[in-house]
Every structure is written in C-alpha cells, then in structure tokens.
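If you want the building blocks of each chain, they are given just below.
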Amino acid sequence: MKTIVITGASDGIGAAAAKELVSLGHQVVIVGRNPEKTATVATELGMPYHLADFTKLADVKRLADELRQYDHIDVLANNAGGIMGDRTLTADGFEKTFQVNHLAGFLLTNLLLDKLLADHATVIQTSSIAANLFVKTFDVDNVNLAREYTSEKAYGYAKYENILFTRELQRRYGDQLTAVAFHPGVVRTSFSSESNTFMRWLYRTPLKYLGTISPKRSAKRLVNLALGVPGTDFIAGEVYDGKKLLPVKVVDDGNANARQLWEESAKMVAQFTSI
C-alpha cells in the first residue's frame, strides 16, 4: 500500500484519481481549498484530509508541517491549479496564476524534500499542453507577468514552469526520488471557472462535451504515473500526454530556464524555507 498525497483533490481530476487509488487499496491524503468539498470527498473515501489555500504561502507551510505526521509519503501529486481572470497579486505579492500553479507546489515539495528523498518518492506535476499553446518564449524575469499579461499566457507560463520544475527536481535529486509531469487532457471539470476567458464560457455550455474527456478517464493518467515504475512505465524527468511523451516547443538549452526558475523560486519562498 502506498501513501499518496494529492493536492487539488476536492474536485475534478484530483478527486477522481483519489477514488481510483483508494479502490486499489492505497491510502490517499486529500488536500483541497474548499472545506465542504474536501471533507465530502475524504469522508466518502474514508481518507484523511487537509485544507490549504495556495494563494497563501503560509497555508502551504502549515500544510507541509501537517503532512509530516504520515510515516512515509510515496507519491506527492502537485495537482492544484487553474486559469485565472484579470491579473491579481496574492497577499504574498505574486501573480495569482504563478503562485497557485507553480510556486505553492515548489514550496510544498521543498518543505517536504527530506521526507520525499528518504522515502524515494515520486513527485508528479499536473502540467498542460497550454505550455505549448500559449508560450512562445520564456522570460524568467517576468514570471509574475508584470508585462504583457493575459490569463492564457499566465496559465501557459505556469504549466511550462511545472515542466521546468520537474526537470530540475529530477536533475538535482534523481538519485533519490522520481519527478514526472503530465498533460491531463481537455477535461470536463470546473476548469476556468475563475477566468474571464472564452474557455469559461465554453465550459458552461453543452459544447464542453465535444472533444473532452471525463475526470475519471483523465485521472487514469495520474494514477498510472503514481503507481508506475520509472524506467519501465515512464521516463523520469519527462512530461506525458497519455502514454506518449509530450514534445515541449520552448527549447531549454542546457536546462538554463529550469535552473534559473528554481533559483528565482527559491528566493521568493526564502522566508518559509532554506533551500
């Protein structure tokens, strides 16, 4: 039996993956923002849960402290995220899309790093093909998108950052843990409900059933990685679209973007950890 922590597990892909994993005999720790939804999912599955709002890095720090109660963590799935609306700064001073999709997961992973290394854990990032659709070039000095902000670009940036984080985590610690990312597909969830984009309108009409997949089907991608064997079922440090590798259009020569993003992210969360 594995102990698997899934953030963003109160709804959608996270909740569906939790249900599948529990049915297979694993312990799943449910992490969500909404108290009612999170408690409901956890109660239905008979699993423990924790609350955290990723727009508050202090919540992430508290969450990490709480997660230390578990004897081991075999899988950490950084699944929380979403596309937002107008450019908004969190109380921590960071653009909301960047913080919720990347920085909070970066902080959580690093706060638990000693435990993840000791347990030879798998760390999974829920990325997206949006990294290819909305990112032409990447500027590590503009991760807060103070320049040229659109909600689509912010989301694309964040999903590309998920990939960069996966690569750099694997490069730094691949002898003791496994990092991997995946595109969940175009899923019928409450995705984009906080945005002011065309996708928000689309997801509220019957058109959302065209060319999309169910959360249950998408969740199998997360489940397969959580239970898979690196080197056999997937290649560590890569990003997957189903069982296929997802080609990443923005080339990162010499892993320069990945290294720089790690260093900048570490500075941003320095008050919470000593990376």
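Predicted model, so just to flag it, every value in this text is computed and none were measured.

Draft legend 1. Structural detail: the sheet that holds strand β2 (residues 27-32). The strand order across the open sheet formed by eight strands is β3-β2-β1-β4-β5-β6-β7-β8, and the pairing between neighbours is mixed. Only two strands of the sheet have a single neighbouring strand rather than two, namely β3 (49-51) and β8 (244-245). The pairing of β2 with β3 spans three bridges and is parallel. Bridging from a neighbouring strand, isoleucine 30 pairs with tyrosine 49 of β3. Across the sheet, helix α4 (residues 96-111) lies against β4 (75-78) and β5 (122-126), angled at about 165° from β4, the strand it touches most.

Draft legend 2. Highlighting empty space enclosed by the protein. Scanning the entire structure with this criterion turns up one cavity of 30 Å³ or more. When its volume is computed, the largest cavity comes out at roughly 40 Å³. Lining the largest cavity are Thr7, Phe54, Asn78, Asn79, Ala80, Val100, Asn101, Gly105 and Gln125. The biggest single contributor to the lining of the largest cavity is α4, with three residues.

Draft legend 3. Focus on the packing of helix α7 (residues 151-173) against helix α10 (residues 256-268). Two elements in contact, α7 and α10, have axes whose closest approach is 8 Å; the angle formed by their N-to-C orientations is 90°. The angle between α7 and α10 falls in the class roughly perpendicular. For the pair α7 and α10, the contacting residues are Tyr160, Glu161, Leu164, Phe165, Glu168, Leu169, Arg171, Arg172 and Tyr173 in the first and Asn257, Ala258, Arg259, Leu261, Trp262 and Glu263 in the second.

Draft legend 4. Summary view of unusual backbone geometry. Although it is not a glycine, histidine 120 adopts a positive phi angle of roughly 50°. Assessed through its relative accessible area of 56%, histidine 120 is described here as exposed.

Draft legend 5. View of the layout of surface pockets. The calculated volume of the second largest pocket comes to roughly 210 Å³. As for the second largest pocket, its lining consists of Phe182, Lys220, Arg221, Asn224, Leu225, Asp233, Phe234, Tyr240, Gly242 and Lys243. Considering every element that reaches the lining of the second largest pocket, the biggest residue donor is helix α9 (residues 215-227), with four residues. Considering only residue class, the lining of the second largest pocket consists of four nonpolar, two polar and four charged.

Draft legend 6. Inspection of the pairing of strand β6 (residues 178-183) at higher detail. Counting buried positions along β6 gives six out of six residues, so the element sits mostly inside the fold. Burial along β6 is two-sided: the residues Thr178, Val180 and Phe182 and Ala179, Ala181 and His183 are all buried. Both β5 and β6 contribute to a ladder of five bridges, which runs parallel. What sits directly across from isoleucine 124, in β6, is valine 180.

Draft legend 7. The arrangement of the packing of aromatic side chains in detail. Applying the stated criterion to the full structure yields seven aromatic pairs. Ring geometry for phenylalanine 94 against phenylalanine 98: centres 6.4 Å apart, planes inclined by 65°, an arrangement best described as edge-to-face. Since its relative accessible area comes to 11%, phenylalanine 94 is described here as buried. Under the relative-accessibility criterion, phenylalanine 98 is labelled buried at 1%.

Draft legend 8. Spotlight on the pairing of β5. Across the five residues that make up β5, a large majority, five, are buried. Residue alternation in β5 divides its side chains into two sets, Thr122, Ile124 and Thr126 and Val123 and Gln125, and both sets are buried. Bridge count for β4 against β5 is four bridges, and the pairing is parallel. Within β5, the position partnered with alanine 77 by the bridge is isoleucine 124.

What counts, and at which threshold
- Every chain is numbered on its own, with residues counted from 1 as its sequence reads.
- Only residues with pLDDT of at least 70 get local features here, since the model is predicted, and only at 80 or more are side-chain atom pairs given and counted; chain-wide, interface and lining totals rely on the full set of residues.
- Computation of side-chain values covers all heavy atoms of the structure but excludes hydrogens and water.
- Pairing between strands is defined by DSSP: at least two bridges between them are needed.
- Helix numbers and strand numbers start at the N terminus; a helix is a DSSP run of H or I with at least 4 residues, a strand a run of E with at least 2.
- Should any heavy atoms of two residues lie within 4.5 Å, those residues are considered in contact.
- Geometry is summarised by axes, namely lines fitted to C-alpha atoms with helices restricted to the contacting stretch, and by angles between N-to-C directions that run from 0 to 180 degrees.
- Of the two site types, the cavity is a set of points on a 1 Å grid over the protein atoms alone where a 1.4 Å probe fits but cannot get out, and the pocket is an open set with protein on both sides within 12 Å along at least five of seven lines, each lined by residues with an atom within 4 Å of a point.
- Grid points are joined across faces, edges and corners, and a volume is the space filled by probe spheres set on the points.
- Orientation labels follow simple angle bins: below 35 degrees gives roughly parallel, above 145 gives roughly antiparallel, 65 to 115 gives roughly perpendicular, and whatever is left gives oblique.
- Only protein chains enter the accessibility calculation, which uses a 1.4 Å probe; a residue whose area is less than 20% of its type maximum is buried, one above 50% is exposed, and one in between is partly exposed.
- All residues other than Ala, Val, Leu, Ile, Met, Phe, Trp, Tyr, Cys, Pro, Asp, Glu, Lys and Arg, Gly among them, are scored as polar; the first ten of these are nonpolar and the last four charged.
- Between rings of Phe, Tyr and Trp, where Trp is taken as its six-membered ring, a pair exists when centres lie within 6.5 Å; planes separated by under 30 degrees are stacked, by over 60 edge-to-face, and by other angles tilted.

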